[in-house]
Amino acid sequence: MAERVVRAEDVTLCTESFGDPADPPLQLVMGTGASMLWWEEGFCRMLAEGGRFVIRYDHRDTGRSVTYEPGRPGYTGVDLAEDAVRVLDAYGIPAAHVVGVSAGGGLAQVLALGHADRVLSLVLISTSAAVPGVDHELPPPEEAFLRFVAEARVDWDDTDSVVAYLVASARVLAGGRRPFDESAARSLVRRDVGRARDVGALRNHDALPEGALPKGTLASIGVPTLVIHGTADPLFPLPHGEALAEGIPGGRLLVLEGAGHGVERADWAVIVPAVLDHTTGGARQG
């Protein structure tokens, strides 16, 4: 296991791999404003021990990847999906199983439509439809989450303020139905903030233009898809996951009782076997 810097065109991305390169490749795509550390090392090792070659990476404006001036990113959401392809190219991987969480699940959908030949299967965690295909209205985020977004304050030049803000955000996203491990969250956030080239740059993800989406709808996604969603997700309530699984041909839904938004340690024992089972083989549908 070692960090590896990938350079493609004018983009520099920090990556890390786990396991045997001869095993089936599994690419992990994190969500908005989050570095690869949020795919925790223990989780990655469990997948690798299950016989997968696991790759995680820092998005632009997170961790040790390229950063841009806050407020002036100069790239789009679709460009973040293209970065996943850049990482696969750098590792010499023709196609991989792709696991995306939150906005990373949206990027995985875009990747499956725009680069269908590079995706063996999808696992979409705590996310919603990022392309057309849901024909009914879905519930908005819960009031507690909206209140936090509206009222939270942070000084991006003060490390303690940033840490407190990100821990508070993690608490809200956890959903409130289970005990929140503040010590573990604070430890992870401190490592993330200390490792970042410019932690304030992560704000760029909140202001990204969408970019030119590839043609197609959820029904056009032709790879085996597993949707994993918690019943306490305050950002994307459970109907988002249900609609996603219904809209993708053959999509399957795994519901995590009491789970919030993200990949919580309490659910690793359920998520890891489900991902390993789903990514066995890798034949496309159709």
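Preceding block: the structure.
What comes next is a walk through the structure. (Residues numbered from 1 in each chain as written. Predicted model: local features only at pLDDT ≥ 70, side-chain atom pairs only at ≥ 80, totals over all residues. Heavy atoms only, no water.)

1. Focus: the pattern of salt bridges
Now for step 1: Within the structure shown, the criterion is met by 17 salt bridges.
Now for step 2: One salt bridge in this structure joins arginine 190 and aspartate 160, with 3.5 Å as the shortest N-O distance. Within this pair, whereas arginine 190 is found in helix H6 (residues 182-195), its partner aspartate 160 is found in helix H5 (residues 159-173), the two being separated by 30 residues in sequence.
Now for step 3: Across the salt bridge formed by aspartate 267 and arginine 178, the nearest N and O atoms sit 2.9 Å from each other. Linking aspartate 267 in the loop between strand S8 (252-256) and helix H8 (268-278) with arginine 178 in the loop between H5 and H6, this pair joins segments that are 89 residues apart in sequence. (Salt bridge = Lys/Arg side-chain N within 4 Å of Asp/Glu carboxyl O. Helix = DSSP H or I, 4+ residues; strand = E, 2+ residues; numbered from the N terminus.)

2. Some words on the packing of aromatic side chains
Now for step 1: This model, assessed by the stated rule, comprises six aromatic pairs.
Now for step 2: An aromatic cluster of at least three residues, connected via ring pairs, comprises Trp39, Phe43 and Trp268.
Now for step 3: When the ring centre of tyrosine 91 is taken as reference, the NZ or CZ atom of arginine 4 above it lies at 4.4 Å.
Now for step 4: When the ring centre of tyrosine 75 is taken as reference, the NZ or CZ atom of arginine 60 above it lies at 5.0 Å. (Phe/Tyr/Trp six-rings, centres within 6.5 Å; stacked < 30°, edge-to-face > 60°. Lys NZ or Arg CZ within 6 Å of the ring centre and 35° of its normal.)

3. Re the pairing of strand S4 (residues 53-57)
Now for step 1: In terms of burial, S4 is a largely internal element, five of the five residues being buried.
Now for step 2: On S4, burial covers both faces: Phe53, Ile55 and Tyr57 on one face and Val54 and Arg56 on the other are all buried.
Now for step 3: Pairing between strand S2 (residues 11-18) and S4: four bridges, direction antiparallel. Counterpart to phenylalanine 18 in the pairing with S4 is valine 54.
Now for step 4: In this sheet, S4 lies alongside strand S3 (residues 25-29) in parallel orientation, the contact comprising four bridges. (Buried < 20%, exposed > 50% of the residue type's maximum accessible area, 1.4 Å probe, protein only. Pairing = 2+ DSSP bridges.)

4. Considering the side chain of serine 102
Now for step 1: Mapping serine 102 onto the fold places it in the loop between strand S5 (96-101) and helix H3 (103-114).
Now for step 2: In this view, serine 102 contacts Gly31, Ile125, Ser126, Thr127, Leu235, Phe236 and His261; residues no more than four positions away in its chain are not counted. (Contact = heavy atoms within 4.5 Å.)

5. Some thoughts on the state of the cysteines
Now for step 1: Here the structure, examined in full by the defined rule, presents zero disulfides.
Now for step 2: The structure places no disulfide on cysteine 44, whose sulfur is separated from the nearest cysteine sulfur, that of cysteine 14, by 13 Å. (Disulfide = S-S within 2.5 Å.)

6. Focus on the nonpolar core
Now for step 1: Grouped together as the largest cluster of nonpolar side chains are 38 residues, with contacts concentrated most on Ile93, Val98, Leu122 and Ile221.
Now for step 2: Listed by contribution, the elements that provide at least two residues to this core are S2, S4, helix H2 (77-90), S5, H3, strand S6 (119-125) and helix H7 (238-247).
Now for step 3: With residues up to four places along the chain from it excluded, the contact list for valine 98 reads Gln27, Val29, Ala108, Leu111, Val119, Ser121, Leu122 and Val123.
Now for step 4: Listed in part, the 26 residues of the second largest apolar core include Leu28, Trp39, Val101 and Ile228. (Core = buried A, V, L, I, M, F, W, Y, C linked by side-chain atoms within 4.5 Å.)

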